[in-house]
Amino acid sequence: MPRRPTRTVPTVLLPGPSADRAEDWLQWLAGELTATGRRVLRCPAPEPAAPQLGQWLAALRLSLTGLADDGFDVVAHSLGCLVWLHHATDPAGSPRPARVALVAPPAPTTAPAGWESFYPVPLNIDAIRQAADGTVLVGGDDDPFCPGGVAQVYGAPLKMATTVIGHGGALTAESGYGAWPAVRDWCGRDNLAFIG
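Parameters at a glance
Residues numbered from 1 in each chain as written. Predicted model: local features only at pLDDT ≥ 70, side-chain atom pairs only at ≥ 80, totals over all residues. Heavy atoms only, no water. Helix = DSSP H or I, 4+ residues; strand = E, 2+ residues; numbered from the N terminus. Buried < 20%, exposed > 50% of the residue type's maximum accessible area, 1.4 Å probe, protein only. Lys, Arg positive; Asp, Glu negative; His and termini not counted. Salt bridge = Lys/Arg side-chain N within 4 Å of Asp/Glu carboxyl O. Polar contact = N/O pair within 3.5 Å; in protein donor to acceptor, adjacent residues only side chain to side chain.

The subject of this paragraph is the environment of Gly 80. For Gly 80, the position within the fold is in helix H3 (residues 79-89). Sequence separation between Gly 80 and Ala 45 is 35 residues; the distance between their C-alpha atoms is 8.7 Å.

Shown next, in the form of structure tokens:
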């Protein structure tokens, strides 16, 4: 019988622009956490075909309304990671999460077409440390959207714990991450370490 999660705080899911597909691991994670009685808040992805930073920040801050400082976790994927990094530099009075997992953030300097408003991405060590009790990075060693690898591109400049997943790609359903027990297990533990 699988171990039941022991952590019970709410989880805020901050997706990328294409995370509305049923096979996406964020959708799967929401179902898994809800089934254990966890409160799940899924931040909407405004105008996913033409995302704008201001709209995404507003959606995130609305999703955080009413949560207690240090009383919730955030799991962000892809573009959602960039939103979190911008939010961290100016949290605008939003509550502070206990833990944050940034999964497969795209490169911070080269904007994919349509994502220009999110760039450049702020890599402010002090802001990230103050934005949550702890933040961890997770990325594939062959993510096509983060050439150089998440550990080198984000982990080193932010001096942040990084879990690198071999052959994980962008950690999407296309690269085999529809159901992803490791992220569910992270949500169920109290410590920060992400075990890939």
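Once that is clear, we can look at the side chain of Arg 38. Mapped onto the secondary structure, Arg 38 falls in the loop between helix H1 (25-35) and strand E2 (40-42). This buried residue, Arg 38, is left without a salt bridge; Asp 73 holds the nearest opposite charge, at 4.3 Å. Polar side-chain contacts of Arg 38 include one of 2.7 Å to the backbone oxygen of Val 9.

Attention shifts here to the pattern of salt bridges. Under the criterion given, the structure shown has seven salt bridges. Arg 99 is the partner of Asp 73 in a salt bridge, and the nearest nitrogen-oxygen pair spans 2.8 Å. With Asp 73 in strand E3 (residues 73-77) and Arg 99 in strand E4 (residues 99-103), this pair connects stretches of sequence that are 26 residues apart. Judged by its relative accessible area of 0%, Asp 73 is buried. Overall, Arg 99 belongs to the buried group, its relative accessible area being 4%. The shortest N-O distance in the salt bridge between Asp 133 and Arg 96 comes to 2.3 Å. Residue Asp 133 is found in the loop between helix H4 (125-131) and strand E5 (134-140), and its partner Arg 96 is found in the loop between H3 and E4; the two are separated by 37 residues along the sequence. Residue classification places Asp 133 among the partly exposed positions, given a relative accessible area of 48%. In this structure, a network of salt bridges that share partners links the residues Arg 7, Asp 73, Arg 99 and Asp 190.

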